[in-house]
Every structure is written in structure tokens, then in C-alpha cells.
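Single-letter residue listing:
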Amino acid sequence: WHCRSSRSGAKKMLVLGFDGMDPTVVRRLIGSGDLPNMKRLADTGTFTMMRSTIPPQSPVAWGSFIAGADPGVTGIFDFLHRDPKTYTPLFAQSTTLPGGWNVDLGKYRIPLKGAEVKLNREGTAFWDVLEEMGVPATVVKIPTNYPPSKSGQRTLAGMGTPDVMGTYGIYHLYTSDEEESRKDLTPNNVFYAYIDEQGVLEGEIEGPKNDLVPGSDPMVIPFKAYVDRAHHSARIDVGGQEVLLAEREYSRWVEISFSLGVPLMNLTGMVKFFLLECGERFRLYISPIHISPASPALPISTPESYSKELADAVGLYHTIGLPADTKALSQGAFAMGDFIDQSLSVFAESRKMFAFELDRFQRQQEGLLFFYFSTLDQGQHMFWALNDPQHPYYHPVEAQRYGGITDDLYRQFDAEVGRAMAALPPEVPLVVMSDHGFAPFRREVNINTWLVKEGYLTMTTPDLDEQVSILDSADWGKSRAYGLGLNGLYLNQRGREGSGIVTAQERRRLLEELKGKLEALTDPQNGARVITHAYISEDVFSRDHLDRAPDIILGFARGYRISDSSPLGQLSPEVVVDHLNWWSGDHLIDPLHVPASFLANFKINRDVPDIKDIAPTIVRHFGGQVPAGMTGKPLR
């Protein structure tokens, strides 16, 4: 362990990050007696709503928590940013830099210097401040830290971590339903499951391309499934391993190895199999190929050995940043019950990891433990319509069967709080926090369609549908504004954008004009306001990295959110339409409508904290000087 404190008065602190924990739900369930441990925290210390970031997106909010500063300091304003010269969307949290020197050896191209993934988050992480002070910290699965920033502390990357394909989750589905097998669920892979007379299915798991062989096809791992319809079970042989599954069973992790064709060079990943049906129909789900923590193909922890240490202690575990497969439910590969089973398996795994780290933390004399759970956030995204009869995607049958799942999750999270309280003496500060709350997502908004109809964005085609995107059909020489990302609107500014036309003199007037019109936008269905605040970035953020920010951040009203097609610039015939998808709850709206939750076993010095206040509070607790770059203020 690298950090050793020479100071007297050794101290400890535990912070639990429950992504998406909503203060309104917590208050209701405390009132009904369902959250006894959170009630004890509220009674003896503090329970209040907490200000999230503008916008209240997870990478933005967790980035501000990490650096104790607003997004202007961290440089993270959305899941997606854009290259202003080309208008191309970019992943905000990290950038993949191309490899350097290569040597050609026959058909192989051997990289002497590999591609590098660069973390884009700016500011000083609180665990780096603690490291300078000699205070050990363990930070598990915190979002907005992939690749993990260089550190002597134990850290494990969370949201933002890709699969081995470099994507954020591509699954396989083998189905004997011919109609289903013809569905286009791109980028996911759907195959017809041909099962021969002996009950054998031969399939493949498609991996990444072999970058050592220019122009090669994707690498594959073959498998065989021996199907026993009479007993609703199957045996899967893959990579020299056998996996026995009953219908509706989710397998253990299975490591698979792609040969790169060069001695001693392999790419290791891991998958889970989910036998969804094995009767009249056969349906087999294969998870995205996760980076194996036991043999990581990409950096996911500091030190590099930490991910393996955890795997040795608790077994292999999900490494992809958003582990519950919400796409499989949205696209119909999963039924609601399948998604719940898979989501709860992620939660069970997280609880096991937390128990291990909490036990280690108990035995430490000094230090910080931060542990992150994703299940409440991903669950509430998909479960909202189960309890919202006003939602256009409300299904009475599923609501009757599964409607209690959200409250039950909160009760299970309360049990984790109880575990933490039982493990630590009361003088050790305990913080339980979220990054934002939740709201219904009933109606979706295409902001580029609105910009076209209002004359701010000109297209080269009269068609407004999802086949048309501003990336290939905008007439930039006649366009003054465009939308990209989940909450962002940009001016087509001269000297900044590749084909910008808005001058510096007209810039501010246009921002004010757009702000006024956006805040006056109403839903033609019911006359309700669609956007409660259009935030002009230069008015609300620090200026350190303001050049990365959208010019306007869209703060949608409760019930509204950007449409699924909008973030990458696609259009639609109407501006506002019903949202018909299980992804029915969201928080990509005005932060005033989705405050975060803050609970602690101590009193704080103000009524409403801000998420950027927690990092300075951590530093102050351990006796450190709060860095000048941390714009938040200690809470005690």
C-alpha cells in the first residue's frame, strides 16, 4: 500500500454512491418505515436534497463530485461532445489516440507503440489530494474515471469503461424464431438458431478485428449448444469449457480468448450466457464481451493488479461501465422479467464486492473508501412506466407483476447502508449520496427538427425523418444553430465551427433569442412548457474549459427529454411525440426538477448542499488544505 500517513489522529471516511437515488422516493419510503437505516441517518445526522450539475447527467455530475468543481473546471458537459471543425460527435469522457510505430512482419502489423486511451476529465481528483497527504483511498467503480487516472491509490474504473470491442455493450442473440432473427438490432448481433436433428446448435461469438492484420475480418470464438428441449436445458461448449444451463438461467462468467495469430499474443474477454427460452422456441442471449478483470486487455484499475486482486477475492465481475443491459430490454431481446434477473445479478455482484472492501476498510487504521452502485439508476430508467399509468408505454400486466421492483430495490439499498453502519463506529463519517434524482420520460423532443422549423437550421433535403441527419444533410452555410449530445445546443460560429457563419458581434443576441424561444416552447398536445430553463453556458460555468461546452444547455421540464434519435443529429417529422419504450424514466432535464440525495451521520453547515461540496468536505475531514481548483465548499 503506497500511502502511509505520518500524521497523528488517524481518520477514516466511507462514501456510498447510489446512482440515481431520488430524494422524493427516499422521503416517501422513510415515512412508510421501509428504509430504517436511512431513517437512522436522517434522525441523527442529515437527509436533504442536493444540487446536481447542469445538466444532471451521470458523467457530468460524478465528474464534478470527483474534482469538487463545476463542469467548467472538469471539462465534461455531456455524454457526447463534438469536434467543432467537422461537427462529428465525440465521446466526452475519453479519447482514443492512434498507435504510433508499427513494424510489418509478413501479413501482420505489430504495434511497437500501442493506441492510447486518454481520460478527458480535468481538475484534481479528491483521491489524488489524499495521496499527497499520505491518506490511503480505495475508489471502486466511480464514473468518469476511464481510463483510470494515474494514481498510487486503489481505483477501479466504472461508467465509461467499454467492452473489448471498444463499444458500450454489443450482445448476441440466437433465436429459433425466424421473424425475430430478421430484426435489425444494430449494432447488436441477431442470428437464426439452426438446431440440427441431434439437437446441436453451432454458433460463433464475434469479437473485435485483429488490428495486427490490416483489413482482417472480426475474430470469432466458435461454440456448440446441445439443446434438450424436453428438459428445458442446454449444455454450451466454448473454449474448452462446459456451461450447463436450465431455462431462464444466467450463467457464471466464461473467459474466452481470441488468438491474434502471433505466439503468446491473445486477447482475453469474458461473457455470460442467458438461456431465455428452451421449449417451443429457443433463445440464447450472450452478454457483451467484457474486459476480464483477471487479465485486462485495457487498463481498468490502479494499480493494474487491483482488478485481479478483486477477482481473486470475489470472482469475475462486470467491468463494462453500464452493466445492466437496458438495450436488450428496449429492443425486445429481453422481457421485463429477464432484465430484472440480469440487473439483480449485477447488484448481487456489487454487494459481494462491497462486503469485501468494507471488511478490508474495517481493518484499516486510516483512509477513505468510496463504493459505487449502478443498479438504482439503470433500474429506474426501465421501471418508471411500471408505476406510471399516465405514461404512454404503461403496460397493466407488467405493472401488476413487477410494479413493486423499484421500492424493493430501495429497501435492498437500505440494507447496504445498514451493513455499513454496523461495520463502523459512529464517529467515522458515513455519506450516502446520489448524482441526481429521477422523473418520467413520457414525451420526446427533437431539437434539430425545432431548429429547422424555426429557421435556425437549414437542410439540403425537405425530408424530416430519422433517415436524415445534420451530419450529412445540413447546409452549414445557411445554418445558425444545431443540436448534438443529450442536452446540448451549439451556435454555428464563424472561426470555431468548420463552416460557421455566426459572427462574434451577433453571438450574444442570438443566444438570448434562442433562450427566450426555447423557454416559450410548448407541447402541441397539452400546451405544457417543454423546456423550463435554457442555460447559457458562459453564464453558469467556470471558464477553464468552457471551449468544450455547448453554448446552451437544455433544461427540459418533467415528463420531457431529448429524443433517442437527436443526440447524433437525426431528425423527425414532429418536434414532440410520445415516447414508446421501456426506457421510461430519466434525468436529462432541468436539474431543478431532479435533485440528488444526500444523507450523512453528521450535521452539515447549510440547508442544501451541492454535489461539488463533497470532495472539499473529504479533504477537510482528513486535515488537508482544499485546493484552489475545488470551487465547492466543505459541509462541516
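Provided above is the structure to which this section pertains.
Just so it is clear, the structure is predicted and the values come from calculations on it, not from any experiment.

A. Focus on empty space enclosed by the protein. Under the criterion given, the structure shown has one cavity of 30 Å³ or more. The volume enclosed by the largest cavity comes to roughly 90 Å³. Considering the residues around the largest cavity, the lining is formed by 13 residues, among which Lys141, Gly321, Pro323, Tyr372 and Ser374 are closest to the centre. Per-class residue counts for the lining of the largest cavity are seven nonpolar, five polar and one charged.

B. Representation of the sheet that holds strand E26 (residues 481–483). A sheet is described by the order of its strands in space; here four strands give the open sequence E26-E27-E29-E28, paired in antiparallel fashion. Among the strands making up the open sheet, the edge pair consists of E26 and strand E28 (531–536). Across the sheet, the axes of successive neighbouring strands diverge by a mean angle of 25 degrees, strand direction being ignored. For E26 and strand E27 (residues 488–491), the ladder comprises three bridges, and the chain directions are antiparallel. Its bridge partner lying in E27, Ala481 is registered against Leu491.

C. Fine view of the nonpolar core. The biggest cluster of nonpolar side chains holds 98 residues, and the ones touching the most others in it are Leu14, Ile205, Phe223 and Phe273. Setting aside its immediate chain neighbours within four residues, Phe273 contacts Ile205, Ile236, Val238, Leu245, Glu249, Tyr250, Ser251, Val254, Leu284, Tyr285 and Ile286. Counting 43 residues, the second largest nonpolar core, distinct from the first, contains Trp476, Ala481, Leu518 and Phe556.

D. Focus on the packing of helix H2 (residues 36–44) against helix H12 (residues 405–423). Two numbers describe how H2 lies on H12: the axes approach to 7 Å, and their chain directions differ by 60 degrees. Classified by the interaxial angle, the pair formed by H2 and H12 is oblique. Only Tyr410, Phe413, Asp414, Ala415, Val417, Gly418 and Met421 of H12 make contact with H2, whose side of the interface consists of Pro36, Asn37, Met38, Arg40 and Leu41. Of the residues assigned to the contact of H2 with H12, the class counts are eight nonpolar, two polar and two charged.

E. Helix H1 (residues 23–31), seen in detail. The complete set of buried residues in H1 reads Pro23, Val25, Val26, Leu29 and Ile30. Down the axis of H1, the sector holding all buried residues measures 155 degrees, keeping them to one side. Counted as exposed and oriented over 90 degrees from the buried face of H1: Thr24 and Gly31. Along its buried surface, H1 packs onto H2, strand E2 (46–50), H12 and strand E33 (596–600).

F. Representation of the environment of Pro162 in the model. Relative to the helices and strands, Pro162 resides in the loop between strand E10 (154–157) and strand E11 (172–175). Residue Pro162 is classed as buried on the basis of its relative accessible area, which comes to 6%. It is 27 Å that separates the C-alpha atoms of Pro162 and Ile470, two residues lying 308 residues apart in sequence.

G. Region of interest: the packing of helix H9 (residues 336–363) against helix H10 (residues 375–383). H10 packs onto H9 with a crossing angle of 170 degrees between their chain directions and a minimal axis gap of 10 Å. Compared by their axis directions, H9 and H10 come out roughly antiparallel. Contacts between H9 and H10 involve Met336, Phe339, Ile340, Ser343, Val346 and Phe347 from the former and Thr375, Gln378, Met382 and Phe383 from the latter. Tallied by class, the residues present in the contact of H9 with H10 amount to seven nonpolar, three polar and no charged.

H. Summary view of the pairing of E11. The two faces of E11 match: His172 and Tyr174 on one face and Leu173 and Thr175 on the other face are all buried. Sheet topology places E11 next to strand E12 (residues 189–192); four bridges connect them, and they run parallel. Within E12, the residue paired with Leu173 across the bridge is Val190. Bridge count for E11 against strand E20 (residues 282–286) is four bridges, and the pairing is antiparallel. Looking at the pairing, Thr175 lines up with Arg283 of E20.

I. Quick peek at the side chain of Asp523. Considering the arrangement of structural elements, one finds Asp523 in the loop between helix H15 (504–520) and E28. In terms of polar contacts, Asp523 uses its side chain to reach the side chain of Tyr560, at 2.7 Å.

About the thresholds
Residues numbered from 1 in each chain as written. Predicted model: local features only at pLDDT ≥ 70, side-chain atom pairs only at ≥ 80, totals over all residues. Heavy atoms only, no water. 1 Å grid on protein atoms, 1.4 Å probe; cavity = no way out; pocket = protein on both sides within 12 Å on 5 of 7 lines; lining within 4 Å. Points joined across faces, edges and corners; volume = space filled by probe spheres on them. Nonpolar A, V, L, I, M, F, W, Y, C, P; charged D, E, K, R; others polar. Pairing = 2+ DSSP bridges. Helix = DSSP H or I, 4+ residues; strand = E, 2+ residues; numbered from the N terminus. Axes fitted to C-alpha atoms, helices over the stretch in contact; angles between N-to-C directions. Core = buried A, V, L, I, M, F, W, Y, C linked by side-chain atoms within 4.5 Å. Buried < 20%, exposed > 50% of the residue type's maximum accessible area, 1.4 Å probe, protein only. Contact = heavy atoms within 4.5 Å. Parallel < 35°, antiparallel > 145°, perpendicular 65-115°, else oblique. Arc of directions from axis to C-beta. Polar contact = N/O pair within 3.5 Å; in protein donor to acceptor, adjacent residues only side chain to side chain.

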